[in-house]
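# Architecture at a glance
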Amino acid sequence: MTERQVAGQAAVDQLLEVLDLDNTGEMTFRGMSPRVGPQRVFGGQVAGQALVAAGRTVDPERFVHSLHGYFVRPGDPVEPIEYQVENIRDGRSFSVRRSVALQHGKPIFFMSASFQRQEEGLDHQAPTPPDVPGPDDVPTMNDRLSRYPERLGIWGQIPRPIDVRYVGEPGWVRPGDRPADPNQRVWMRIDGKLPDDPLLHACALTYASDLTLLDSVLSVHGEVWGPGGVVGASLDHALWFHRSFRADEWFLYDCWSPSASGARGLATGRMFTTDGRHIASAVQEGLLRRVGE
């Protein structure tokens, strides 16, 4: 970690600023990107902001249970992002919103999100993955980056509000350093304290859900990102929230890829708390193309 990098609670506070949209009208909002970041807007950021915009137009007694979004253009991190929310329906139990992110008058992302009032019903879940080491038993991001100093460029500058700990090898190692693995498992948590607002925790989890999911497609083949490997971009993203949670507490992101073809890969993941509660599920398709050295 370089001296310029912001981490821990300071980085979390910057994330909260990014998620705190300006209200520009009854159903319109404006968001900004971090001051330091990659050349295009991170997909999890725009999805999280779109959920903030949608959630602010819904009765707070109704909690988001699903979202479905499409990335249609790369976002410009130096330009504000305008969010327009459409009220599709407010029923007795559910509220549905459509949230569109625009830059230069054109959509870069659009999302539908559904919110439900709390109800009781059937309750079951699939078992947690067996024999997965806990977050304190796997290397930290700094431990892994120390083996790859050439990766410290942008990684050493961008804020790091999420503590990410890979159980296996990540996709940014050197070509040939990653064994093929049908599963990619990562421990995550917001690396600081969040307010108690459930919508904010859902938006933070949405942000985190885009960080490593697509990498599970590469993991099947032992492939890596960048020169000598693969470049990619998210095409769509779907997320279901099953049970209450805090995004600033550890959760296991258990990801795998059921299919890849036609320069596209499908990834799916489940999120579990340390005590085994299944809190969310995600599915994403991404564009994946090989690149030379």
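The structure displayed is predicted, hence computed values, not measured ones. (Residues numbered from 1 in each chain as written. Predicted model: local features only at pLDDT ≥ 70, side-chain atom pairs only at ≥ 80, totals over all residues. Heavy atoms only, no water.)

## Focus on helix H1 (residues 8-19)
Since the α-helix turns once every 3.6 residues, residues separated by three or four places project in the same direction. The end-to-end C-alpha distance of H1, which contains twelve residues, comes to 17 Å, matching closely the 16 Å that a straight helix rising 1.5 Å per residue would cover. Buried residues of H1: Gly8, Ala11, Val12, Gln14, Leu15, Leu16, Val18 and Leu19, and no others. Close packing links the buried residues of H1 with helix H2 (43-55), strand E8 (183-190) and helix H5 (198-209). (Helix = DSSP H or I, 4+ residues; strand = E, 2+ residues; numbered from the N terminus. Expected span 1.5 Å × (residues − 1). Buried < 20%, exposed > 50% of the residue type's maximum accessible area, 1.4 Å probe, protein only. Contact = heavy atoms within 4.5 Å.)

## A short note on the side chain of Gln45
Tracing the sequence through the fold places Gln45 in helix H2. For Gln45, a relative accessible area of 3% translates into the label buried. A distance of 3.0 Å separates polar atoms of two side chains, one belonging to Gln45 and the other to Ser33. In contact with Gln45, other than residues within four places in its own chain, are Val18, Met32, Ser33, Pro34, Ile81 and Tyr207. (Polar contact = N/O pair within 3.5 Å; in protein donor to acceptor, adjacent residues only side chain to side chain.)

## A word on the pairing of strand E7 (residues 162-166)
With five of five residues buried, E7 lies mostly within the body of the structure. Burial along E7 is two-sided: the face carrying Ile162, Val164 and Tyr166 and the face carrying Asp163 and Arg165 are both buried. The pairing of E7 with E8 spans five bridges and is antiparallel. Directly across from Ile162, in E8, lies its bridge partner Ile190. (Pairing = 2+ DSSP bridges.)

## Looking at the nonpolar core
With 66 residues, the main nonpolar core has Val46, Leu51, Tyr83 and Phe109 as its most contacted residues. A total of eight residues in this core trace back to one element, the largest contributor, which is H5. Look past the residues within four positions of Tyr83 in its chain and what remains in contact with it is Leu21, Met27, Thr28, Phe29, Gly31, Val46, Gln49, Ala50, Ala53, Ser99, Val100 and Ala101. (Core = buried A, V, L, I, M, F, W, Y, C linked by side-chain atoms within 4.5 Å.)

## Examining the packing of aromatic side chains
Following the criterion strictly, the structure yields seven aromatic pairs and no others. When the ring of Tyr166 is compared with that of Trp172, the centres are 6.5 Å apart and the planes differ by 80°; the resulting orientation is edge-to-face. An identical accessibility class is assigned to Tyr166 and Trp172; each is buried. An angle of 10° between the planes, with centres 6.1 Å apart, marks the rings of Phe241 and Phe245 as stacked. Residue Phe245 is classed as buried on the basis of its relative accessible area of 14%. (Phe/Tyr/Trp six-rings, centres within 6.5 Å; stacked < 30°, edge-to-face > 60°.)

## Side note on the packing of H1 against H5
Between H1 and H5, whose axes approach to 11 Å, the crossing angle comes to 105°. Comparing the axis directions of H1 and H5 gives the class roughly perpendicular. Packed against H1, whose contacting residues are Leu15, Leu16 and Leu19, the element H5 presents Leu200, Cys203, Ala204 and Tyr207 at the interface. (Axes fitted to C-alpha atoms, helices over the stretch in contact; angles between N-to-C directions. Parallel < 35°, antiparallel > 145°, perpendicular 65-115°, else oblique.)

## Some words on the packing of H2 against H5
Closest axis-to-axis distance for the H2/H5 pair is 7 Å, and the angle between their directions is 160°. As summarised for this structure, H2 and H5 are arranged roughly antiparallel, according to the angle between their axes. Along this stretch, H2 crosses H5, giving a crossing that reads as right-handed. Counted together, Gly44, Gln45, Ala47, Gly48, Leu51, Val52 and Gly55 of H2 and Leu199, Ala202, Cys203, Thr206 and Tyr207 of H5 form the full contact between these two elements. For the contact of H2 with H5, the class distribution of residues is seven nonpolar, five polar and no charged. (Left-handed = near helix turned anticlockwise from the far one by under 90°. Nonpolar A, V, L, I, M, F, W, Y, C, P; charged D, E, K, R; others polar.)

## A short note on the sheet that holds strand E10 (residues 251-261)
Spatially, the twelve strands line up as an open sheet ordered E1-E2-E4-E5-E6-E3-E9-E12-E11-E10-E8-E7, and their pairing is antiparallel. At either margin of the open sheet sits one strand with a lone partner, and together these are strand E1 (22-23) and E7. As defined by bridge partners, strand E5 (residues 94-103) adjoins strand E6 (residues 106-117) across ten bridges and the pair is classed as antiparallel. Paired with Arg97 across the strands is Ala113, a residue of E6. Sheet strands in contact with H5 are strand E3 (62-71), E7, E8, strand E9 (230-241), E10, strand E11 (264-273) and strand E12 (278-290), and its direction is about 150° off that of E9.

## Side note on the UniProt feature "domain: Acyl-CoA thioesterase 2 C-terminal" (unreviewed entry) in the protein chain
This chain's UniProt record puts "domain: Acyl-CoA thioesterase 2 C-terminal" (unreviewed entry) on residues 176-287. Between the C-alpha atoms that bound residues 176-287 the distance is 22 Å, and the span itself is 17% helix and 46% strand. (UniProt positions renumbered as here; feature names shortened; annotations may be inferred.)

## Thoughts on the pairing of strand E2 (residues 28-31)
Looking along a regular strand, one sees the side chains alternate between the two faces of the sheet. Burial along E2 is one-sided: the residues Phe29 and Gly31 are buried and none of Thr28 and Arg30 is. The sheet contact formed by E1 and E2 spans two bridges and is antiparallel. Paired with Asn23 across the two strands is Phe29, which belongs to E2. Between the antiparallel neighbours E1 and E2 lie four residues. The pairing of E2 with strand E4 (residues 81-90) spans four bridges and is antiparallel. Paired with Phe29 across the two strands is Tyr83, which belongs to E4.

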